[in-house]
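# Commentary on secondary and tertiary structure
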Amino acid sequence: MKRSTLNITLAIGFLAVATGILVARANPATSYESSIYTGTPTITWLGFGLALAVAVSTALVCRGREQAFGIALGGTTVTSIVSLPILRNYRFSGMGDALTHLGWTRDIVNGEMAPHELFYPAVHTLASVLHYVGGVPIERGLLFSMVVLFVPFLVFVPLIVREIGGSGMAIGVAAIVSWMVLPINNVATHMGVHTNSNALFLVPVVLFAFVAYLRRRATIERLPFGLSPFSLLIFLTGIGLLLVHPQHMIGVLVLVGSIAGVQFLARRRFDDHPMLDHPTMYAHTAVLGIIFSLWAVSNDRFRNAVTGTIEGLFEEDVGGGAEVEQRDSSLEAIGGSIAELFVTMFLELAIVSLVVGFFVLLVWLGRSKLDPETKSFVNYLALALVPLSGLFLVYFLGTPTMAFRQIGFIAVILTVLAGVALAQAIGALSNVITQPGGTAVGALLLSACLVLGLLTVFSSPIIYNPGQHVTDEKFSGYETALDDADSETAIAGMGYDPYRYDHGINGLGGEETLSGGTADSGMVNSDEFEAGNYSGAYDGADYNFLVSEYEVTREIEVYQELYHSEDALADLETDPSADKLISNDEFRMYAVEGEADEEA
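Once a new chain begins, its residue numbering starts again from 1 and follows that chain's sequence as written. Restriction of local features to residues with pLDDT of at least 70 applies here, the model being predicted, together with a cutoff of 80 or more for giving and counting side-chain atom pairs; totals for whole chains, interfaces and linings are based on all residues. In computing side-chain values, all of the structure's heavy atoms are included and hydrogens and water are not.

### Some details on the overall build of the protein
- Helix and strand assignments come from DSSP, with helices taken as H or I runs of at least 4 residues and strands as E runs of at least 2, each series counted from the N terminus. Within the protein, the secondary structure is distributed over 26 helices and 7 strands.
- For 600 residues, the compact-globule estimate of 2.2 N^0.38 gives 25 Å, and the C-alpha radius of gyration of the protein, at 26 Å, lies within 12% of that figure.
- With respect to the three principal axes, the spread of C-alpha positions in the protein is 90 × 55 × 50 Å.
- For the protein, the proportion of its 600 residues judged to be buried stands at 54%. Using C-alpha atoms as the atom set, the radius of gyration is obtained and then compared with a globule rule of 2.2 Å times the number of residues to the power 0.38. Burial status follows relative accessibility: with a 1.4 Å probe on protein chains alone, a residue under 20% of its type maximum counts as buried, one over 50% as exposed, and anything between as partly exposed.

### Brief notes about a nonpolar patch on the surface
- A surface patch of nonpolar side chains, amounting to about 340 Å² of accessible area, comprises Leu429, Val432, Ile433 and Val441.
- By the element assignment, Leu429 lies in helix α19 (residues 400–432). Surface patches are drawn from residues lacking salt bridges whose relative accessible area is over 30%; two like charges belong together within 9 Å, two nonpolar side chains (Val, Leu, Ile, Met, Phe, Trp, Tyr) within 5 Å. All accessible-area figures derive from a Shrake-Rupley calculation using a 1.4 Å probe, and residue coverage is judged against the displayed protein chains alone. Here a salt bridge means any side-chain nitrogen of Lys or Arg lying within 4 Å of a carboxyl oxygen belonging to Asp or Glu.

### Thoughts on the nonpolar core
- The criterion is simple. A nonpolar core is a set of buried Ala, Val, Leu, Ile, Met, Phe, Trp, Tyr and Cys residues joined through side-chain atoms within 4.5 Å. Trp179, Met191 and Phe210 are the most contacted members of the largest nonpolar core, which has 163 residues in total.
- Sorting elements by how many residues they give to this core places α19 first, with 16 residues.
- By size, the runner-up hydrophobic cluster in this structure holds 19 residues, among which are Ala537, Val552, Ile556 and Leu572.

### Here we look at the pairing of strand β6 (residues 578–583)
- Sheet topology places β6 next to strand β7 (residues 587–592); 5 bridges connect them, and they run antiparallel. Bridging across to β7, Ser583 finds its partner in Arg588.
- When DSSP finds two or more bridges between a pair of strands, those strands are recorded as paired. The hairpin formed by β6 and β7 contains 3 residues between the paired strands.

### Details of the pattern of salt bridges
- Applying the stated criterion to the full structure yields 11 salt bridges.
- Residue Lys580 is joined to Glu573 by a salt bridge in which the shortest nitrogen-to-oxygen separation is 3.1 Å.
- You can call Lys580 partly exposed: its relative accessible area is 39%.

### Quick word on the side chain of Gln406
- Mapped onto the fold, Gln406 is located in helix α19.
- In protein, a polar contact requires one atom able to donate a hydrogen and another able to accept it; more generally it is a pair of N or O atoms within 3.5 Å, and residues adjacent in sequence count only if both atoms are side-chain atoms. Within polar-contact distance, the side chain of Gln406 engages the backbone oxygen of Leu388 at 3.2 Å.
- In this description, contact between two residues means that some pair of their heavy atoms is separated by no more than 4.5 Å. Discounting residues that sit within four places of it in the chain, Gln406 has contacts with Gln247, Leu388, Leu391, Phe392 and Tyr395.

### Structural notes on helix α20 (residues 435–455)
- Between its first and last C-alpha, α20 extends 30 Å over 21 residues, near the 30 Å set by a 1.5 Å rise per residue.
- Those residues of α20 that are buried lie in contact with α2 (36–39), α3 (42–61), α4 (65–82), α9 (168–179), α17 (338–364) and α19.
- The N-capping residue of α20, defined by a side-chain oxygen 3.1 Å from the backbone nitrogen of Gly437, is Thr434. In a helix, the anticipated span is given by 1.5 Å times the number of residues less one.

### Remarks on the environment of Ala403
- Structurally, the position occupied by Ala403 is in helix α19.
- Separated by 344 residues in sequence, Ala403 and Ala59 have C-alpha atoms that sit 33 Å apart.
- Beyond its immediate sequence surroundings of up to four residues, Ala403 is in contact with Phe392, Tyr395 and Phe396.

### What about the packing of helix α12 (residues 229–244) against helix α13 (residues 247–269)?
- Taken N-terminus to C-terminus, the directions of α12 and α13 make an angle of 145 degrees; their axes are 7 Å apart at the nearest point. Where α12 approaches α13, its residues Gly238, Leu241 and Leu242 are matched on the opposing element by His248, Met249 and Val252. Note on method: axes are straight lines fitted to C-alpha atoms, helices fitted across the in-contact stretch only, with angles between N-to-C directions ranging 0 to 180 degrees.

### Focus: the pairing of strand β3 (residues 490–493)
- Judged by which residues are buried, β3 turns out to be covered on both faces: Ala490 and Ala492 on one side and Ile491 and Gly493 on the other are all buried.
- Here β3 pairs with strand β5 (residues 543–548) via 3 bridges, running parallel. Counted as the bridge partner of Ile491 is Asn544 from β5.

### Brief notes about the sheet that holds β7
- Within the open sheet, the 5 strands sit side by side as β4-β3-β5-β7-β6. Their pairing is mixed. For this open sheet the edge positions go to β4 (521–523) and β6, each flanked by a neighbour on one side alone. This sheet shows a mean twist of 30 degrees between the axes of neighbouring strands, independent of strand direction.
- In this structure, β5 lies alongside β7, joined through 6 bridges in antiparallel fashion. Bridge pairing links Val547 to Arg588 in β7.
- Relative to the sheet, helix α25 (residues 566–574) contacts β5, β6 and β7, its axis offset from that of β7 by approximately 60 degrees.

### Things to note about the environment of Tyr380
- Secondary-structure assignment places Tyr380 in helix α18 (residues 372–398).
- Judged by its relative accessible area of 1%, Tyr380 falls in the buried class.
- Residues within four places of Tyr380 in sequence aside, it is in contact with Leu214, Ile259, Val262, Gln263, Met275 and His278.

### Focus: the packing of aromatic side chains
- A pair of aromatic rings is counted whenever rings of Phe, Tyr or Trp (Trp by its six-membered ring) have centres within 6.5 Å, and the orientation is called stacked for planes under 30 degrees apart, edge-to-face for over 60 and tilted otherwise. One pass over the structure, following the stated rule, counts 22 aromatic pairs.
- Plain terms: the ring middles of Phe153 and Phe201 are 5.4 Å apart, the flat faces sit at 65 degrees to each other, and that makes the pair edge-to-face. Taken as a pair, Phe153 in helix α8 (residues 138–163) and Phe201 in the loop between α10 (195–200) and α11 (203–215) lie far apart in primary sequence, 48 residues in all. Assigned by exposure class, Phe153 and Phe201 land together as buried.
- Through pairs of rings, three or more aromatic residues link up here, namely Tyr32, Tyr478, Tyr496, Tyr501, Tyr550 and Phe587.

### What to know about unusual backbone geometry
- For Asn89, which is not glycine, the phi torsion reads 60 degrees and is therefore positive.
- Mapping Asn89 onto the fold places it in the loop between α5 (84–87) and β1 (92–93).
- You can call Asn89 partly exposed: its relative accessible area is 42%.
- With a phi angle near 55 degrees, Gln560 is a residue other than glycine that sits in the positive phi range.

Structure representation (structure tokens):
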């Protein structure tokens with residue numbers, strides 16, 4: 001392709017993504033959106049699609065500056081997709097941990113808590129800085145923090161592949177695979193204000209520091225005490241990851257410990273091998289382990305998490321098998337299945353895993369064309385997957401949520417390896433047909449996986465999980481309910497415990513407890529509620545029943561009235577035990593008398 005034609009093509013791609021951004025910004029969400037995909041204008045998706053088509057093509061075909069422009073175009077487009085809650089002017093996004101993080105950030109901004117009092121304060125501190133410096137609301141500051149922490153993932157994955165000696169094709173493929181955002185699985189990792197998920201996007205930064213230290217072994221100026229700049233980079237990035245979320249620091253320790261173990265075995269077995277020229281990682285493993293131990297062991301939350309995992313290993317109906325069985329029965333009741341959900345959520349990760357697994361097998365059998373240096377780095381990462389998978393198994397048997405978070409960490413490593421593996425596969429295919437033909441087939445496969453990956457970046461009804469868009473009306477409704485209602489009366493939700501809103505609105509004071517905006521919270525008993533026994537739906541006590549458009553969409557449209565029905569909600573309007581106290585387009589609150597009051 002001529003340079004002038006290529007420049008025009010790239011210009012069209014950047015114009016397309018700019019148009020998509022402007023159209024999304026000009027069409028903000030005016031009400032609750034169960035799917036950000038259907039809520040976003042079609043023109044925006046057409047612009048993003050065209051930009052990604054140009055980006056995929058140039059990342060695979062071009063080299064040098066033109067390839068860098070293509071990678072930048074793809075990264076900008078994917079970042080724009082991740083930024084859609086901001087572009088569409090969402091008040092906030094997230095109804096679980098995100099609201100608790102909002103409460104902690106509010107506490108920091110209001111001076112009720114210092115950042116260092118949190119176990120992992122990085123996201124909250126960053127949002128506070130954006131709030132003060134940028135003058136944005138706290139909710140928006142957290143959404144910006146999510147995007148800021150996401151960008152390093154797109155930047156450093158291709159940089160790692162370039163550093164380990166990958167070809168130009170491998171760098172382009174690695175960039176495209178990073179655009180699939182494989183670490184997000186919407187089971188335990190989410191695209192939102194979720195510190196565990198946000199930390200995953202910093203793992204490539206730490207991994208790049210490892211690779212730079214191992215790769216750049218030329219004599220360079222030393223820092224005081226003989227410390228290498230690359231060693232300092234490892235420690236600083238490790239501490240940064242620890243401050244975002246400590247769980248993935250465990251994965252990093254397993255990774256660097258595995259590299260150190262491989263180096264030890266290589267020095268005992270080989271007299272001449274590229275690994276022998278690499279500086280050892282023994283000291284780094286020890287220092288990072290000490291840093292993590294000092295930070296984590298003294299914290300109650302960490303100790304409770306470890307205790308919960310150990311107890312889960314010895315209890316029935318706690319592990320991942322019980323979780324999957326429960327989900328499968330629920331999905332079957334509404335016409336879905338685990339197999340269908342797996343294809344929707346994990347197909348692209350499964351394809352990438354199979355390709356990487358087959359490639360690693362060829363490397364170990366000596367059937368690859370990699371140079372010895374690149375092969376060494378592939379072996380480091382591939383062998384590290386063995387203990388990382390063992391850690392996943394421990395989590396799976398003990399605490400399923402942690403297991404799916406561990407899958408997110410493993411997906412980061414697979415993303416890096418996929419750059420080298422898929423590039424080798426495209427090269428082999430090109431030898432069978434033609435180079436343009438092999439590249440075209442690779443582009444089609446990668447594009448299909450890219451669509452699947454981006455289709456599940458956010459939760460939506462397609463994965464039986466409606467979007468967690470928090471509107472102004474919903475926020476206002478909960479704020480009024482918590483501020484004006486009787487604080488001695490419990491608040492109850494429909495399939496959702498509304499205590500998280502108490503966190504987000506009133507803060508936590510550093511503790512994961514109710515702030516005082518209400519005495520108690522929980523969920524109504526679905527069987528009693530559906531039977532019309534509203535007075536007995538909360539253990540016979542008085543309660544304020546809170547329901548938003550999110551719950552209605554989830555229970556009625558997505559779950560197809562599996563637990564709660566539209567008729568039960570309609571009958572509540574006329575039931576003598578219930579009085580509607582608050583109502584707007586997104587939120588309603590009813591004061592419901594308990595059975596004891598009715599009998600009196």
